[in-house]
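The lines below spell out each chain.
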Amino acid sequence: MVNLPSSPLKEFFVDDDDEFIKEATRKRSYSEPCWCGSNIPYKKCHRVRAEQQRWSLGKILNKQRKVFWKKRGCMHPDASPSSCRGMIIDAHTIQRKGPLSAIVDESNHLCHLEADLQNQVFELKSIGWKKASIFPGFCSHHDTELFKELETKPFEGTNQQCVLQSFRNVCCELYKKRALVESLSYQSGVLDNGLDIHRQIEIQMSINKNIEGQRKSIEELEALQNKFHKAIESKKWDSFECKVFYFRGNVELISAAAIQVDYDFDGNQHVDLFDLEDDAESIVYTTLTVDDGGALIFCWPREFSQAKKFVDSFDAYKAEEKGDVFAQYCFLSSEHTFFSKNWWEKLTESQKTRIYDLYRCTFYEGGKFIPSIEPLVDWVFE
Ligand SMILES: [Zn+2]
Ligand SMILES: [Zn+2]
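So, here is what we can say about the structure in this document. Numbering of residues starts from 1 in every chain and runs along the sequence as written. In the order they appear in the text, chains get letters beginning with A and ligands get numbers beginning with 1. Side-chain atom pairs in this predicted model are given and counted only at pLDDT of 80 or more, local residue features only at pLDDT of at least 70, and totals for whole chains, interfaces and linings cover all residues.

## Overview of the overall build of the protein chain
This is how it is decided: In DSSP terms, a helix is any run of H or I states spanning at least four residues, a strand is any run of E spanning at least two, and both are numbered starting from the N terminus. With the radius of gyration taken over C-alpha atoms, the globule rule is written as 2.2 Å times the number of residues to the power 0.38. Burial in this document is a count-based property: other C-beta atoms within 10 Å of a residue's C-beta are tallied, and the residue is buried at 20 or more, exposed at 12 or fewer, or partly exposed in between, with C-beta positions derived from the backbone. What counts as a contact here is a pair of residues whose C-beta atoms, placed from the backbone, lie within 7 Å.
Regarding its fold elements, the protein chain presents 11 helices and 10 strands. At 22 Å, the protein chain has a C-alpha radius of gyration in line with the 21 Å of a compact globule built from 382 residues. Seen through its principal axes, the protein chain has C-alpha atoms that stretch 70 × 55 × 45 Å. Across the 382 residues of the protein chain, 32% fall into the buried class. Looking at the protein chain alone, contacts between residues at least 24 apart form 75% of all its contacts between residues at least 6 apart.

Here is the structure:
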């Protein structure tokens, strides 16, 4: 079975010999850059941090939201001041027409899980479909032009459609990682106000580790985005391998993500994500609705052999097991997982508990995905 860690966040053990701690505790002149890595002179940064006023969590979250959701430019391969037209618009990672509209209730709302940081819990949240799975990633001209093949034609599983859909997921993931690094950098300037030096070091160290890890995955995503740019510019849709699984049943759950292949469905480890020397391969997945059910797309650069093994390990499940295993995987791996209220209300308490357990983990430790006794979805794969 999948091994979920006891603590949802990765814990690091450090001793007093750690370079970061030595730097933070050694004598330092006022004009030297601060030990926290802010590039601000020590006298204006952590020398006075303990005397600064504490910020409420609400205030931090509010400011952080603004830092996170700012417009960061158009992500079209051709983007430039002369080729972009119109405003940067909120692009949907998951198609609005079709998948999102299939799961909305009478008031056009759908559900997802969200961390409530104030109360340290995960909760079921309702969200208007216009706000679900969006990111401000393309100018209106490029958004319309680039995704035409996807938005104006029925899904036929062509490589072009799969690549375009996957490109949008990659851009969304990249946007959010960049936004996260900026908001973490922002947090590092206020989160430890008024705290003693020991807590300051703990907080700064954990933010620094997080940023370091995020930067690494940004590098990998940028390399992947580059491969998409090349394929789009030269229309070489075959430089990506796309595997489409069709299924019958109610599409009451939808999900999309660009993920790093650390473990496959059998629990084989392909890369250690916490070892920054190790390079991970990525794979992109999306769920869509089709005429009498849904489709699940996996897309990866043709030369990625681990990504292929990942998909093969999924394909090895029986037709009636695939939907449930995939649903478990979605909650574990993607925050872009949405579902209908109706579906959630039909779940048993033990199914809900299982979903919360999967969702709260920011990482997992391998182990094979075992189909649930009570399947989470009724999908039957072809
Ligand atoms: Zn500092
Ligand atoms: Zn543009």
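## A word on the packing of helix H6 (residues 159-188) against helix H7 (residues 197-234)
We count it as follows: What counts as an axis is a line fitted to C-alpha atoms, over the stretch in contact for a helix, and the angles between N-to-C directions run from 0 to 180 degrees. Note that the term roughly parallel is reserved for angles under 35 degrees, roughly antiparallel for angles over 145, roughly perpendicular for angles of 65 to 115, and oblique for everything else. Left-handed describes a crossing whose near helix is turned anticlockwise from the far helix by less than a right angle; the clockwise case is right-handed. In this classification, the charged set is Asp, Glu, Lys and Arg, the nonpolar set is Ala, Val, Leu, Ile, Met, Phe, Trp, Tyr, Cys and Pro, and all remaining amino acids, among them Gly, are polar.
Where H6 meets H7, the axes come as close as 9 Å, and the angle between the chain directions of the two elements is 155 degrees. In terms of orientation, H6 lies roughly antiparallel with respect to H7. Here H6 runs over H7; the crossing is left-handed. Counted by class, the contact of H6 with H7 contains 16 nonpolar, 8 polar and 5 charged residues.

## Side note on the environment of Ala 257
Structurally, Ala 257 is set in strand E6 (residues 253-260). Between the C-alpha atom of Ala 257 and that of Ile 103, which follows or precedes it by 154 residues, the distance is 18 Å. Apart from the residues within four sequence positions on either side, Ala 257 is in contact with Asn 169, Tyr 285, Ser 333, Ser 334 and His 336.

## Comments concerning the environment of Leu 124
Topologically, Leu 124 is positioned in strand E3 (residues 121-128). Taking the C-alpha atoms as reference, Leu 124 lies 33 Å from Phe 13; in sequence the two are 111 residues apart. Leave out the neighbours within four places in its chain, and Leu 124 touches Cys 111, Leu 113 and Trp 344.

## Here's the deal with unusual backbone geometry
Even without glycine at this site, Asn 39 takes up a positive phi of about 70 degrees. Within the chain, Asn 108 stands out as a residue other than glycine whose phi angle is a positive 60 degrees. In this fold, Asn 108 is placed in the loop between helix H3 (96-103) and strand E2 (109-116).

## Examining the nonpolar core
What counts is decided by this rule: Note on definitions: a nonpolar core is a set of buried residues drawn from Ala, Val, Leu, Ile, Met, Phe, Trp, Tyr and Cys, linked by C-beta atoms within 7 Å.
Among the nonpolar cores identified, the biggest contains 72 residues, and Leu 110, Val 163, Val 170, Ile 283, Tyr 285, Ile 297 and Cys 299 are the most heavily contacted of them. Of all the elements, H6 adds the most residues to this core, at 9 residues. Apart from residues no more than four positions distant in its own chain, Ile 283 is found in contact with Ile 259, Val 261, Phe 298, Trp 300, Ala 307 and Phe 310.

## Some points on helix H8 (residues 305-315)
What counts, and what does not: This arc describes the spread of directions from the helix axis toward the C-beta atoms.
Inspection of H8 places Ala 307, Phe 310, Val 311 and Phe 314 among the buried residues, and these make up the whole buried set. The arc that holds every buried residue of H8, seen down its axis, measures 90 degrees, which confines them to one face.

## Looking at helix H2 (residues 57-68)
Here is the rule we go by: Here the expected span of a helix is defined as 1.5 Å times the quantity of residues minus one.
For H2, with 12 residues, the first-to-last C-alpha span of 16 Å sits near the 16 Å given by 1.5 Å per residue. Of all 12 residues making up H2, only 1 are buried, and the element is barely covered by its neighbours.

## Quick notes on the packing of helix H9 (residues 319-333) against helix H11 (residues 349-360)
Helix packing for two helices is described by the angle between their axes and how far apart those axes are. Axis separation between H9 and H11 bottoms out at 6 Å; the angle between their running directions is 45 degrees. Our classification of the angle between H9 and H11 gives oblique. Contacts between H9 and H11 involve Gln 328, Phe 331 and Leu 332 on the former and, on the latter, Ile 355, Leu 358 and Tyr 359. Among the residues making up the contact of H9 with H11, the classes are represented as 5 nonpolar, 1 polar and no charged.

## Focus: the pairing of strand E8 (residues 293-301)
Put simply, the test is: Paired strands, as defined in this entry, are two strands with at least two bridges between them according to DSSP.
For strand E5 (residues 240-248) and E8, the ladder comprises 9 bridges, and the chain directions are antiparallel. Considered in E8, the bridge of Phe 245 is made with Leu 296. Hairpin remark: strand E7 (residues 282-290) followed by E8, antiparallel, with 2 residues in the connecting loop.

Remember, this is a structural readout, not a statement about activity or role.
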